[in-house]
Each structure stands twice: as structure tokens, then as C-alpha cells.
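# Examination of the molecular architecture
Here is what each chain is made of, one letter per residue.
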Protein chains: 2
Amino acid sequence: MRTFRIAMVQMNPTVGDLGGNVRRILRWLREARKAKPDLVAFPELAVTGYPPEDLLLKPKFVEDNRCALNEVVRAAKDVVAVVGYVGQGDSAGHHPPSSPVVAAGRHDIYNAAALLAGGRLVTTYAKRHLPNYGVFDESRYFTPGRRLPLVTINGTAVAVNICEDIWLPHGPTRRQAAAGAEIIVNINASPFHLGKSRSREQMLATRARDNGVIVTYTNMVGGQDELVFDGHSVVLDHTGDLVARAKGFEEDLLVVDLNVEAVARSRSAGGRAPRTEPPAAMSVERVVLGPKPRKKQSRVVAPVEPLADPLDEVYEALTIGVRDYVKKNGFRHVLIGLSGGIDSALTAAIAVDALGADNVLGLFMPSPYTSRESREDTIELVRRLAIRMKTLSISPTFKTYLRTLDGVFAGAKADTTEENLQARIRGNLLMALSNKFGHLVLTTGNKSEMSVGYATLYGDMAGGFAVIKDVPKTMVYELAHRRNRRGGQPVIPKRIIDRAPTAELRDNQKDEDSLPPYAVLDPILKAYVEDDRSVEEMVDMGFDRRTVLRVVALVDRSEYKRRQAPVGIKITHRGLGKDRRMPVTNGYQGM
Amino acid sequence: MRTFRIAMVQMNPTVGDLGGNVRRILRWLREARKAKPDLVAFPELAVTGYPPEDLLLKPKFVEDNRCALNEVVRAAKDVVAVVGYVGQGDSAGHHPPSSPVVAAGRHDIYNAAALLAGGRLVTTYAKRHLPNYGVFDESRYFTPGRRLPLVTINGTAVAVNICEDIWLPHGPTRRQAAAGAEIIVNINASPFHLGKSRSREQMLATRARDNGVIVTYTNMVGGQDELVFDGHSVVLDHTGDLVARAKGFEEDLLVVDLNVEAVARSRSAGGRAPRTEPPAAMSVERVVLGPKPRKKQSRVVAPVEPLADPLDEVYEALTIGVRDYVKKNGFRHVLIGLSGGIDSALTAAIAVDALGADNVLGLFMPSPYTSRESREDTIELVRRLAIRMKTLSISPTFKTYLRTLDGVFAGAKADTTEENLQARIRGNLLMALSNKFGHLVLTTGNKSEMSVGYATLYGDMAGGFAVIKDVPKTMVYELAHRRNRRGGQPVIPKRIIDRAPTAELRDNQKDEDSLPPYAVLDPILKAYVEDDRSVEEMVDMGFDRRTVLRVVALVDRSEYKRRQAPVGIKITHRGLGKDRRMPVTNGYQGM
């Protein structure tokens with residue numbers, strides 16, 4: 001039986017760290033080589049990390065990326081490999097410049113895949129479809145590719161394409177399969193959001209079946225600023241059946257023997273595979289490497305790692321997001337302001353899972369409004385998580401501020417100013433410890449708060465990384481329950497979960513004094529912030545008009561706060577970062 | 001002599017304020033009508049303001065924009081007008097969807113110009129070339145247009161195109177002129193940067209001459225978040241000569257009689273104008289309105305407003321940028337922390353010019369490190385600007401913080417932690433006054449500081465709008481001198497300009513203890529931050545290698561601060577906002 005052995009390297013590069021990424025590629029290449037694969041696949045832009053953003057505008061960076069690739073080329077003497085990098089000059093396909101403002105000496109660059117064999121760069125494929133929506137800005141940097149190399153490796157016809165290329169039914173996959181490709185090597189840097197691992201596999205299965213071709217999907221893994229790549233590399237056979245799946249949220253090497261004979265058999269038997277090539281501006285170029293199938297000693301049994309429950313995937317995404325942000329930015333320790341509330345408790349639990357209890361420091365900063373329960377629950381949380389904690393009272397500083405402001409505030413009533421001051425003292429104390437001892441401050445605000453602006457700029461919003469910024473409050477509770485059910489003693493004390501949420505910035509304050517109940521607020525926020533629903537549509541969905549109008553106004557008015565918020569992990573299909581680019585100055589009163 | 005009278009409305013819309021923008025359009029339409037023009041031109045996206053950003057993803061916003069346009073259509077009964085709006089459905093040109101992830105019910109939208117006459121929408125043109133570099137994200141939203149309407153109005157052939165379309169030598173202008181257009185009505189929202197008014201006119205003159213066509217360029221004016229539109233609408237005749245220019249940095253109506261006969265004469269005499277239409281995928285469609293030239297009572301004499309010196313333009317841009325941010329966001333008063341230094345002095349002067357002295361409040365917040373000179377100079381500045389000032393000492397609060405932190409800091413040496421604390425107390429006091437009384441806080445950091453991270457997050461960086469964020473320190477001095485030479489008493493005391501810059505956060509501190517002299521720093525920052533030069537290139541330019549390496553490291557390490565900085569006005573060709581999108585997690589050590 002004719003088979004083709006692919007080794008898929010699901011790796012975790014760091015954006016910009018070309019040297020580190022190449023070392024990582026070479027290490028995995030050595031590991032992969034042991035399986036004697038016909039081909040080793042690395043993710044999209046494995047050399048540079050994804051997304052390199054405006055590093056791509058530096059000609060020296062593009063040049064250095066090419067030098068980094070050359071190291072890999074030289075190492076790939078006895079192996080065929082596909083590696084994502086930034087192409088320039090070596091990817092054909094003329095395209096008129098899209099902008100008249102081209103920096104001197106700058107040339108078109110491509111999101112490219114190099115095919116390496118025998119210590120040389122055999123050919124390249126450049127991504128055809130450049131995503132420029134959501135978190136993506138690829139049209140800012142890249143020129144779309146025009147060439148379609150079809151490479152026969154040890155007797156099997158292989159075509160490479162990249163990420164977005166396979167999401168489109170009319171993309172290159174169709175033409176590549178029609179031109180004879182038996183295997184599509186799709187390389188990826190596909191950011192996670194809730195439920196994506198499943199919808200992605202559905203799409204890949206459909207694409208494989210529609211084109212009668214084996215699809216191998218090699219994804220990146222790890223965190224990069226607001227993005228998390230979830231791994232879950234997969235192989236689907238030509239009927240759309242799942243053949244193998246790599247782990248989620250960690251590096252992995254997936255070695256699979258692909259049954260190419262079945263593809264060929266199915267094609268000669270006729271069936272649904274496209275017989276004619278659709279018209280396209282892309283030209284197919286044929287390359288042959290090692291013309292005969294290699295004899296295999298034995299078949300490998302490829303794993304099908306399970307997909308976790310979607311909510312557990314979110315927890316994993318948050319964990320790897322924190323770990324990678326902290327480590328890739330050169331930090332070891334994190335500092336978290338603990339209030340006795342659910343948000344800071346969940347954030348601390350995630351931090352402990354990401355970094356270990358020794359690397360997490362809690363700071364409890366009580367005021368006269370801090371309840372006994374908050375104090376007790378914080379102490380209990382700290383005990384269960386086995387982290388260290390410091391306590392600093394904000395009362396003396398709060399009093400001094402009020403004395404300082406006494407003259408200018410004379411006659412004015414107490415309002416949110418005094419509440420914000422307390423939050424800002426806490427922010428300052430966290431930053432003081434961070435400055436003195438080098439901890440990264442993790443903020444604890446959730447998506448519901450961040451959306452309606454129920455957060456103090458420079459107060460509880462102060463910090464380097466906003467862990468649960470994209471997690472709605474109702475999901476914060478679900479995640480806390482999940483974490484508690486994981487076995488062993490529940491880490492988050494029950495009372496923290498059960499108590500009514502409060503900022504404790506004045507007596508008997510409850511979140512629900514200022515906001516609709518979260519069970520009402522969160523679906524409205526999803527409709528408005530994530531799905532761009534109008535007020536009428538939300539009312540039609542059954543929400544109370546007054547509540548909707550109030551929420552919409554709160555969201556619109558707090559754009560300036562979000563603009564100054566720290567980066568945080570995207571876990572929904574529309575986060576509050578690069579996904580959502582609203583003007584601050586915005587007169588839209590539309591309903 | 002056959003002439004064509006155009007009225008160009010250089011207006012200042014507000015992003016999203018559809019109702020307000022329509023009222024403004026109708027008011028200008030009434031005003032323009034008095035001149036009995038053949039055509040009235042409004043800027044690009046006059047209905048929505050520019051850039052509407054992710055408002056464009058709301059189907060209701062696009063629908064409301066269309067309703068807003070309809071109000072203008074109905075009002076344009078006895079006049080022909082070109083108005084920028086968001087087109088949907090009514091602009092032909094099929095295009096495959098660029099993204100598989102299209103929200104349900106979303107359709108392609110266009111950056112369009114409506115041609116209105118006789119109370120109906122006669123035809124539309126959709127922008128062909130969508131800028132997606134620098135501050136622009138148009139490919140995120142718009143589909144490029146395919147149609148080229150050529151409209152004969154009162155016997156003169158007129159073609160419309162939009163902004164970027166005219167920057168490209170191979171853009172629609174060429175084809176429109178070849179198809180017979182005598183006048184190009186180019187409508188714009190062209191953001192200001194230093195020197196742009198001049199380079200833009202050079203380009204327009206070249207385009208007019210190359211195509212033997214009259215170019216009318218109607219620009220937007222005003223501030224929108226980080227962008228300022230400078231106005232300076234112009235008309236160039238078919239030989240590239242300047243015929244008329246509107247004012248800079250304010251609304252204006254430019255009425256010009258265009259000598260169309262000269263265009264026709266020059267064409268029949270032959271010459272350089274393109275005789276053959278270049279091959280293109282765009283189809284020309286002809287429309288005729290009012291077939292005969294109208295009799296004019298008298299010729300209008302169009303003004304040629306002077307272009308100010310480039311540095312004076314920067315000052316104007318900063319002034320209108322502040323005024324529009326403050327007013328369009330519903331504020332009246334601003335609050336500025338005054339230190340006795342040049343940055344806060346210049347910021348205060350700009351604020352007074354933008355808003356009037358009555359609307360500017362200074363806050364002086366001395367510490368034991370504050371010098372006598374700083375105090376005296378601040379008082380003198382306040383006197384000359386005739387603004388109010390409050391004084392709040394930070395010393396008691398600083399002492400209380402230190403006492404609070406005494407235990408956790410035991411044994412640690414004083415470092416920048418204590419300096420940052422002082423800056424953060426000041427930030428908190430400014431925010432407290434802002435929260436209590438509703439002032440907008442203007443921050444005072446310059447581009448040099450913001451680039452190297454010589455600024456305290458949540459301290460001097462705390463505020464709603466960063467006025468001189470894109471002004472290098474050396475230019476801060478130049479602008480201060482300019483402002484002082486403007487006539488009357490110099491507003492910025494000489495000693496503020498002459499003293500060595502200091503943050504006064506410890507004894508005898510000077511900026512040059514931490515940074516290279518600004519005369520050295522600023523050119524390096526320009527090369528690195530604005531021009532993407534590599535270390536080797538900067539060394540070749542004559543800069544000291546060690547200094548360059550130090551500056552590069554400071555810039556790279558402070559990305560996280562800039563990510564949390566308030567919005568500020570772009571005045572260079574590459575600001576620190578949407579122009580520059582660097583990853584925070586960034587392992588690039590490239591030189």
C-alpha cells in the first residue's frame with residue numbers, strides 16, 4: 001500500500017525571536033527525523049512567530065528572517081520540510097504596489113512556506129488569501145501569492161497552502177486538488193476562540209471531502225499578546241474522516257502515515273473530486289523530489305487526542321496565555337491584587353496553574369469598606385492556592401489624599417471620585433511592588449466590567465496583562481466551578497462564588513446597584529459588542545428596551561478606558577483588543 | 001469662454017454623528033447655492049466622518065448613513081452635488097468576498113461618492129484604491145469600486161474619484177481623463193503630517209499636468225482622535241498651475257470658475273494628455289445632466305490662501321486637534337498638570353489657543369524636589385496665559401505611601417519606584433479633579449519621552465488626550481519659540497525654555513542623566529521609530545553605536561507603556577498610534 005509519512009511539528013515560537021525560533025525548529029527537526037518521515041511540516045511563519053506586526057516593515061527584520069530560514073535550509077539535508085517564513089523576491093507573482101507610499105528600498109513581501117530538501121530551498125508557496133478582518137492585518141504587510149507549486153515527493157503529489165487559503169471554498173485547495181495533489185499540507189497560525197477547534201475541524205473535513213484530498217493541518221501553539229494558538233493539529237482523509245489529532249495547548253509532534261493509495265483509488269473510481277481545474281490567475285508549477293515511494297519498516301499508529309469541553313479549552317487558553325506572556329516577556333513572578341471577589345480568585349488560580357504557586361504573589365489591600373468575609377475568603381484562597389500574600393491597608397493613604405483635596409473639593413458631594421481614588425491607591429501599590437521587585441501585575445477585570453466601563457482607569461485596570469478581559473462575568477463563575485471540580489480540594493472557596501459581587505468602594509455597595517444582573521447584562525453585551533446588533537434587534541430578541549439603552553450607552557461612553565487597558569487574552573470570537581476598533585470620538589447615537 | 005463653477009465645501013464633520021453631519025452639509029449647501037455653482041463638492045465620507053472604524057461593521061450604522069444621505073438627496077433639488085458616504089448595493093462592481101467570516105446579513109460596502117441632482121441620486125462612484133497602511137485600515141471594511149461614471153454637467157465632462165485614487169499614477173484619474181473628463185472632482189479626508197500640504201500639492205499638480213485635466217481637491221478639516229485633517233483644498237489647472245486654495249485648519253467654502261475651454265483647446269492642439277485609454281477592469285459609464293453651459297453673470301475671483309510655514313502648521317494642527325477632541329467628546333474644560341517645564345508650558349499654551357484661557361485649569365503639584373525656579377516659572381506662565389491654577393502638595397501623600405510600603409520595602413534601596421510613585425500621585429490628583437468637576441486631563445509627554453519610555457504609566461501618562469505625544473522634544477522648543485514670537489508678550493517665560501530639562505523626581509535630576517542629549521536622541525528616534533532604520537544604517541549615518549544600541553533597547557522595552565497611553569495627535573509621517581503597530585511580546589534582537 002502506498003503511504004506517505006508526515007511529521008507535523010506543532011511548535012510554540014516567540015514573535016521576533018528569530019534565533020530562538022530557529023533553534024526550536026532545528027530541535028524539532030532532529031526529533032521528527034527519527035520517524036523517517038517523507039515530509040516535516042512546521043506552522044505558518046514559524047521562523048518569525050505570528051503575528052510579527054510592524055516588525056515586518058523593518059527591511060532588516062525581513063532580511064534576518066531570511067538568514068534564519070537559511071540555517072534551517074542547511075540543516076534539512078536528509079529530510080524534506082515545509083517551513084513558514086517571510087518571503088521576499090523568491091516568491092514569484094508580480095502585483096502592482098497597493099500604496100504609493102513605499103519606503104525606499106522596500107519590496108513586496110509574502111507570507112510564505114518554503115519547501116526544503118537536500119539542503120536547499122526547492123520552491124516556495126506564498127499565501128494567496130490574506131485575512132484583514134478581526135484581529136488580522138495581513139493586507140497591511142503582505143502581497144498575495146500567485147504560484148501553485150505541486151511537488152511530487154517520493155511518488156506522492158503534495159501541495160502546500162497557508163491558513164486562510166483553506167477556509168475559502170474557492171481557494172487554492174480546489175485548484176491544487178484538481179491539478180493532482182493527493183495531500184494538502186496546510187500550515188497555520190490559527191488563533192483560538194471559544195468553540196473554534198470544532199468549527200475548524202468541520203471546515204477541514206468538508207474541504208477534504210469536497211476535493212477528495214487528504215488535508216493535514218499543522219497549527220501553531222502558544223500565546224502571543226492577546227492571541228492564543230491552540231494547537232490541535234489534525235489530519236483528515238479524503239472522505240473527511242479524522243485520522244489523527246495532536247494535543248491542545250502544548251507543543252506536540254504528530255507523525256501520521258497517510259493512505260495515499262486510497263486517494264488514488266477513489267479518484268480512478270470517479271466520484272465527487274473536481275475533474276477540471278477552475279479558471280484562475282494562478283499557475284501550477286511541478287517539481288519532483290525522490291520519485292519513488294520509500295519502503296516503510298512499519299506503520300505508525302497516530303494518536304487522536306481528545307478535544308476538551310469548550311469551557312475547559314477556555315481555561316487552558318487562559319493558562320497558556322498567561323504563561324507565555326509572562327515567560328516570553330522575561331518575567332518570572334506575577335502580582336495580583338486580591339479583593340476576596342471571584343475575579344481575582346479565578347485570576348490567581350489561573351496564574352498558579354500557569355506558573356506554579358511559588359511564582360504568584362497576592363496583595364490584599366483592605367479599606368474600611370472591606371468586609372470581614374472578603375478578608376477571610378482571601379486568606380482561605382491564599383491558603384488553598386499555597387501562594388504568598390502581603391497585606392497593605394489603603395486607609396492612611398486614602399485619608400491623606402482626602403486631606404490634600406479637601407480645599408479644592410470644598411462643598412462638593414462625595415461621588416465616584418472617592419471610589420476611584422481607592423482603586424487608584426491599590427493600583428499604585430501594586431505598581432510600586434512591581435517596580436521594586438520586578439513582578440508583572442496581572443489585572444483581574446472581566447469582559448462585562450470592561451465593556452460597560454465598570455472599572456477604574458489607573459486603578460484596578462493598572463497592570464501589564466489582563467487575564468480575563470475577554471471572559472464575561474457569567475463565564476467567570478462557570479470557569480471557577482470547573483476549576484473547583486478538577487479533583488483535590490476546590491481551590492476557590494465556595495463563599496467567594498456565592499456572595500453577591502461588590503466592588504466594596506463604599507458601604508453596602510453591590511454591582512447590581514450600578515448594573516443590570518450579570519445574567520441579563522452578559523447576553524446583551526454579547527449581542528451588542530460581539531455581534532453588532534442594533535437596539536431594535538436586541539429588543540426583538542426579548543431584552544427590555546430601557547436596559548438595552550442603558551447598556552449601549554455605558555459601552556459607548558467607556559471606549560476611552562478600553563483604549564488605555566492592558567493587553568489581555570482573546571477567548572471569544574470578538575475580544576476587546578484588535579478585534580474591535582472603535583473611534584473614541586464617536587457621535588453615533590444610532591439605535 | 002466656457003467655464004464651470006465649482007463650490008468646494010471644506011467641512012468638519014464628527015465621526016458617527018450622522019444627524020449633526022447632515023445638518024452641517026445642508027447648512028453649507030445653502031451657503032454654496034448662493035454662488036450658483038454648477039457643482040458643489042463635499043469631502044470623502046462627509047456623512048459619517050472619517051474614519052468611522054468599526055462603526056462600519058454595524059449594519060444599522062450603514063443603513064442610518066444611507067438615510068442620512070437621503071436627507072441630503074432631497075435637499076439637493078436645484079443643485080448638483082458630490083457627497084462622500086458609505087455605499088452599499090447602489091455601487092456596482094462584483095467582487096468575491098475577501099473573508100469567509102462574514103456576519104449574517106452583511107454585504108459589501110464601499111467608500112463612495114454620491115452624485116446628486118434634481119432631488120435624486122444620479123450615480124455613485126466607489127473608491128478604487130483602498131489605503132491599508134500607516135493609519136489606514138480601509139481594506140478591513142470596504143470593497144474596491146469598479147465603475148467609472150463620467151458625468152457631463154452643463155456641457156462639461158466631470159469625473160469623481162476619492163482620496164487615494166489620485167495618489168496613484170495608474171489610478172482612475174488617468175482612465176477618466178482619457179475617457180474625456182475635463183475636471184476631476186477628487187474628494188478627500190487626508191490626514192495632516194509635517195510637510196504634507198506641500199507634497200500633496202506637488203502630486204496634484206503632476207497628476208493634473210500628466211493627464212491634462214483640471215483637478216479639484218476637496219479636503220476635510222478638523223480633528224478626529226489622533227488624526228487632524230488640514231483642509232487646504234485646492235484647484236490645479238490642466239497645466240498643473242495652482243488656481244485656488246482654501247484656508248488651512250478651518251472650515252471654508254472655495255468657489256472657483258474653472259476654465260474648461262482651455263482644457264478643450266489644449267486637447268485639440270494635442271500634447272501630452274493620454275490619447276488611448278489604458279487597459280483596465282473598470283467600465284466607463286456616461287451620464288448627462290443639463291446639457292448646455294449656463295450663462296454666468298460674472299466671474300468669481302477665487303482666493304489663494306497662503307500656506308503657513310510647516311512648523312506653524314504643526315502648531316495649528318495641535319490646536320485644532322485639541323479643540324475638536326475636547327468639544328466633540330462633550331467636554332468644555334481641560335486640566336493640565338504644570339511642572340514648570342517646557343512640555344507642560346507648551347501644552348497649556350496650545351490649550352489656551354484652542355479653548356480660551358477660561359477653559360484651562362492648571363494644577364501645580366510640588367514635592368520637596370520641586371525647585372524654586374519651577375514654582376516661580378509656573379506662576380509666571382499662569383499669569384501670562386491668564387489661566388486659573390490650583391496648587392496641591394504631593395508630599396503628605398508621598399510620605400504616607402512610603403510608610404505603607406515600609407514593611408514590604410524593608411532593606412530595598414530607593415530606585416525609580418519612589419520616582420514613579422510621585423508621578424502617580426500627581427496622576428491620581430489630576431484624575432480626582434477630573435472625576436469631581438468633569439475636566440478632561442491633557443497629558444504633557446512629548447514624542448522623545450514616549451518613544452524611550454521616559455514617562456510613568458498611570459503617572460504623567462494619566463489623562464484623556466496626549467497633546468504633544470508625536471512632537472519630538474527638539475520640536476517642542478521650536479514650537480515654544482514660535483508661539484512666543486507671535487506678537488504681544490511671549491507666553492512661555494524664557495527661563496522655562498532655557499533651563500535644562502528635569503523631571504524633578506529626585507535631587508538635582510536632569511533628563512541627560514538618563515538619556516542622551518535631545519539633539520542627539522531625536523535624530524536617532526526619527527531614524528529608528530519613523531524610518532525603520534537598522535542599527536548598522538544608523539551607525540553609517542554617523543551616530544555613535546553605543547548610543548544607538550541604548551536608544552533602540554529603550555524604545556523596544558517600552559512598547560507596553562505606549563500600548564496604554566492615551567490617544568494623541570499625529571503630526572509626523574509616523575506617529576506612535578495607529579501608524580505603528582508593534583507587538584508587545586517581541587524577541588527581536590535584530591540590529
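Numbering of residues starts from 1 in each chain and follows the order in which that chain's sequence is written. Each chain gets a letter, beginning with A, and each ligand a number, beginning with 1, in the order they are written. Totals for whole chains, interfaces and linings use every residue, but because this is a predicted model, local features are given only for residues with pLDDT of at least 70 and side-chain atom pairs only at 80 or more, for both listing and counting. Note: side-chain values were computed over all heavy atoms of the structure, leaving out hydrogens and water.

The name given to chain A in an unreviewed UniProt entry is Glutamine-dependent NAD(+) synthetase, with the source organism recorded as Nitrospira japonica. UniProt positions are given in the numbering used here, feature names are shortened, and annotations may be inferred rather than shown by experiment. The record in UniProt for chain A states the following under Function (unreviewed entry): "Catalyzes the ATP-dependent amidation of deamido-NAD to form NAD. Uses L-glutamine as a nitrogen source." Entered under Catalytic activity (unreviewed entry) in the UniProt record, the comment concerning chain A runs "deamido-NAD(+) + L-glutamine + ATP + H2O = L-glutamate + AMP + diphosphate + NAD(+) + H(+)".

Here the focus is the UniProt feature "binding site: deamido-NAD(+)" (unreviewed entry) in chain A. Mapped onto this numbering, the UniProt entry gives "binding site: deamido-NAD(+)" (unreviewed entry) at Asn420, Glu449 and Lys561 of chain A. The greatest C-alpha distance among the annotated residues, which extend across 142 residues, is 14.5 Å, indicating that they converge on a single site. Residues in contact with Asn420 of chain A, not counting those within four places in the same chain, are Thr456 of chain A together with Asn435 of chain B. Only DSSP runs of H or I with at least four residues qualify as helices, and only runs of E with at least two residues qualify as strands; both kinds are numbered from the N terminus onward. Within the fold, Glu449 of chain A resides in helix 12 (residues 447-452). A contact between two residues is defined here by any heavy atoms of the two lying within 4.5 Å. When residues no more than four places from it in sequence are discounted, the contact partners of Glu449 of chain A are Asp343, Tyr454 and Tyr518 of chain A.

Residue and element names in this part refer to chain B. In space, the 6 strands of this open sheet follow the order 5-4-3-2-1-14, with mixed pairing throughout. Either end of the sheet is taken by a strand with one partner, and the two such strands are strand 5 (120-126) and strand 14 (252-259). The sheet shows a mean angle of 30° between the axes of neighbouring strands, taken without regard to direction. By the bridge criterion, 6 bridges tie strand 4 (residues 110-117) to strand 5 in an arrangement that is antiparallel. Each bridged residue has a counterpart across the sheet, and for Ala117 the counterpart in strand 5 is Arg120. Angles shown run from 0 to 180 degrees and are taken between the N-to-C directions of axes, each axis being a line fitted to C-alpha atoms and, for helices, limited to the stretch in contact. Against the sheet, helix 2 (residues 59-75) touches strand 3 (81-87), strand 4 and strand 5, its axis set at about 165° to strand 3. Contacting strand 1 (3-10) and strand 14, helix 6 (residues 260-268) runs over the sheet at an angle of about 40° to strand 14. Two strands are said to pair when DSSP picks up at least two bridges between them.

Least-squares fitting of chain A to chain B yields an RMSD of 0.0 Å, with the transformation described by 0.0 Å of translation along the axis and a rotation of 180°. Expressed as a symmetry operation, the mapping of one chain copy onto the other fits a two-fold axis. No C-alpha of chain A lies nearer the rotation axis than that of Gln564 of chain A, which sits 2.1 Å from it. Residue by residue, 99% of the interface of chain A is reproduced at the interface of chain B, so both copies engage with the same surface. A least-squares fit on C-alpha atoms brings the copies together, and the residues used are those whose pLDDT is at least 70 in both copies.

Okay, the UniProt feature "binding site: L-glutamine" (unreviewed entry) in chain A next. Residue and element names in this part refer to chain A. Within the UniProt annotation, "binding site: L-glutamine" (unreviewed entry) is assigned to Tyr133, Ser190 and Lys196. Only protein chains enter the accessibility calculation, which uses a 1.4 Å probe; a residue whose area is less than 20% of its type maximum is buried, one above 50% is exposed, and one in between is partly exposed. Using a relative accessible area of 18% as the deciding quantity, one classes Tyr133 as buried. Position of Lys196 relative to the elements: it lies in helix 5 (residues 196-211). Those residues in contact with Lys196 that sit more than four places away from it in its chain are Trp167, Ser190 and Pro191. Think of a polar contact as two N or O atoms within 3.5 Å of one another; within protein, one of them needs to be a possible hydrogen donor and the other a possible acceptor, and neighboring residues in sequence only count if both atoms come from side chains. Of the polar contacts made by the side chain of Lys196, one reaches the side chain of Ser190; its length is 3.3 Å.

Often, the extent of an interface is quoted as the loss of accessible area upon association of its parts. All names here are of chain A. All the domain ranges listed were derived from an automatic or database domain assignment. Per the domain assignment, the segments of chain A are domain 1 (3-96 + 104-289) and domain 2 (310-511). Taking the mean C-alpha position of each, domain 1 and domain 2 sit 41 Å from one another. Contacts between the two partners involve 14 residues from domain 1 and, on the opposite side, 12 residues from domain 2. We define buried area as the total accessible area lost by two parts upon association, computed with a 1.4 Å probe and summed across both. Summed over both partners, the interface of domain 1 with domain 2 buries about 1,200 Å², with 63% contributed by carbon and sulfur atoms. When the buried surface of domain 1 facing domain 2 is broken down by residue, Leu194, Asp225 and Phe249 rank first, second and third, together holding 41% of it. Definition used for salt bridges: Asp or Glu carboxyl oxygen within 4 Å of a side-chain nitrogen of Lys or Arg. Linking domain 1 with domain 2 are 1 salt bridge, by the criterion used here. The residue Glu313 makes a salt bridge to Arg198 at a minimum N-O spacing of 3.7 Å. At the boundary of domain 1 with domain 2, the tally comes to 6 residue pairs in polar contact (both at pLDDT 80 or more). No other element matches strand 10 (residues 221-224), which puts 3 residues into the side of domain 1 that touches domain 2. Classes in brief: Ala, Val, Leu, Ile, Met, Phe, Trp, Tyr, Cys and Pro nonpolar; Asp, Glu, Lys and Arg charged; the others, Gly included, polar. For the side of domain 1 that touches domain 2, the per-class residue count stands at 6 nonpolar, 6 polar and 2 charged.

On to the pattern of salt bridges, then. What the rule picks out here adds up to 95 salt bridges over all chains. Note that Asp415 of chain A is salt-bridged to Lys436 of chain B, the shortest N-O span being 3.1 Å. With one member in each of two chains, Asp415 of chain A in the loop between helix 10 (395-405) and helix 11 (416-437) and Lys436 of chain B in helix 11 (residues 416-437) form a pair that bridges those chains. On the basis of relative accessibility, which here comes to 29%, the residue Asp415 of chain A falls in the partly exposed class. The partner of Lys473 of chain B in a salt bridge is Asp343 of chain B, and the shortest N-O contact between them spans 3.0 Å. Of the two residues, Lys473 of chain B sits in helix 13 (residues 473-484) while Asp343 of chain B sits in helix 8 (residues 342-355), which places them 130 residues apart along the sequence.

As a further point, take the sheet that holds strand 4 (residues 110-117) of chain A. Residues and elements named next belong to chain A. Strand order in the open sheet made by the 6 strands is 5-4-3-2-1-14, with mixed pairing throughout. Among the strands making up the open sheet, the edge pair consists of strand 5 (120-126) and strand 14 (252-259). In this sheet, neighbouring strand axes are inclined to one another by 30° on average, regardless of whether the strands run parallel or antiparallel. Lying on the sheet, helix 1 (residues 18-33) is in contact with strand 1 (3-10), strand 2 (39-41), strand 3 (81-87) and strand 14; it crosses strand 14 at an angle near 45°.

Here Ala32 of chain B lies in helix 1 (residues 18-33). Those residues in contact with Ala32 of chain B, other than ones at most four positions away along the chain, are Ala7, Pro37, Val40 and Leu253 of chain B.

Right, let's talk about helix 11 of chain B for a bit. A helix is expected to reach a length of 1.5 Å times the quantity of its residues less one. Helix length check: helix 11 of chain B, at 22 residues, gives a terminal C-alpha distance of 32 Å against a target of 32 Å (1.5 Å per residue), a fit within 8%. Of all 22 residues in helix 11 of chain B, 19 are buried, a share of seventy percent or more.

Right, let's get into the nonpolar core. To define a nonpolar core, start from buried Ala, Val, Leu, Ile, Met, Phe, Trp, Tyr and Cys residues and group those joined through side-chain atoms within 4.5 Å. One finds Leu405, Leu429 and Leu433 of chain A together with Leu405, Leu429 and Leu433 of chain B to be the most contacted residues of the largest nonpolar core, which totals 88 residues. Beyond its immediate sequence surroundings of up to four residues, Leu405 of chain B is in contact with Leu392, Leu429, Ala432 and Leu433 of chain A together with Leu421 of chain B.

Residues Tyr50 of chain A and Pro51 of chain A are joined by a peptide bond in cis, for which omega reads -5°. Here Pro51 of chain A is to be found in the loop between strand 2 and helix 2 (59-75). Even without glycine at this site, Cys163 of chain B takes up a positive phi of about 45°. Residue placement: Cys163 of chain B occurs in the loop between strand 7 (156-162) and helix 3 (164-167). For Cys163 of chain B, a relative accessible area of 5% corresponds to the buried category.

What follows concerns the interface of chain A and chain B. Each partner contributes to the interface: chain A provides 93 residues, whereas chain B provides 94 residues. For the pairing of chain A and chain B, the buried interface totals around 7,800 Å² over both sides, and the portion due to carbon and sulfur atoms is 57%. When the buried surface of chain A facing chain B is broken down by residue, Lys436, Thr585 and Tyr588 of chain A rank first, second and third, together holding 10% of it. Counting across the interface, chain A meets chain B through 9 salt bridges. Glu418 of chain A is the partner of Lys436 of chain B in a salt bridge, and the nearest nitrogen-oxygen pair spans 2.8 Å.

The subject of this paragraph is the side chain of Lys469 of chain A. Residue and element names in this part refer to chain A. Within the secondary structure, Lys469 is located in the loop between strand 20 (465-466) and helix 13 (473-484). In this structure, Lys469 is buried with no salt-bridge partner, the nearest side chain bearing the opposite charge being Glu226 at 6.2 Å. Looking at Lys469, its side chain comes within polar contact range of the main-chain oxygen of Pro566, at 2.8 Å. Residues in contact with Lys469, not counting those within four places in the same chain, are Gly445, Asn446, Lys447, Met450, Ala565, Pro566, Val567, Gly568 and Leu576. Positive residues here are Lys and Arg, negative ones are Asp and Glu, while His and the chain termini are left out of the count.

In summary, the pairing rule links any two rings of Phe, Tyr or Trp, Trp by its six-membered ring, whose centres are within 6.5 Å, and it sorts them by plane angle into stacked for under 30 degrees, edge-to-face for over 60 and tilted for everything else. Under the criterion given, the structure shown has 16 aromatic pairs over all chains. An angle of 90° between the planes, with centres 4.7 Å apart, marks the rings of Phe61 of chain A and Tyr588 of chain B as edge-to-face. Within this pair, whereas Phe61 of chain A is found in helix 2, its partner Tyr588 of chain B is found in the segment after helix 19 (559-563), the two belonging to separate chains. Classification of Phe61 of chain A as buried rests on a relative accessible area of 0%. Taking 6.3 Å as the distance between ring centres and 65° as the angle between the ring planes, the aromatic pair formed by Tyr141 of chain A and Phe142 of chain A counts as edge-to-face. What makes Tyr141 of chain A buried here is its relative accessible area of 8%.

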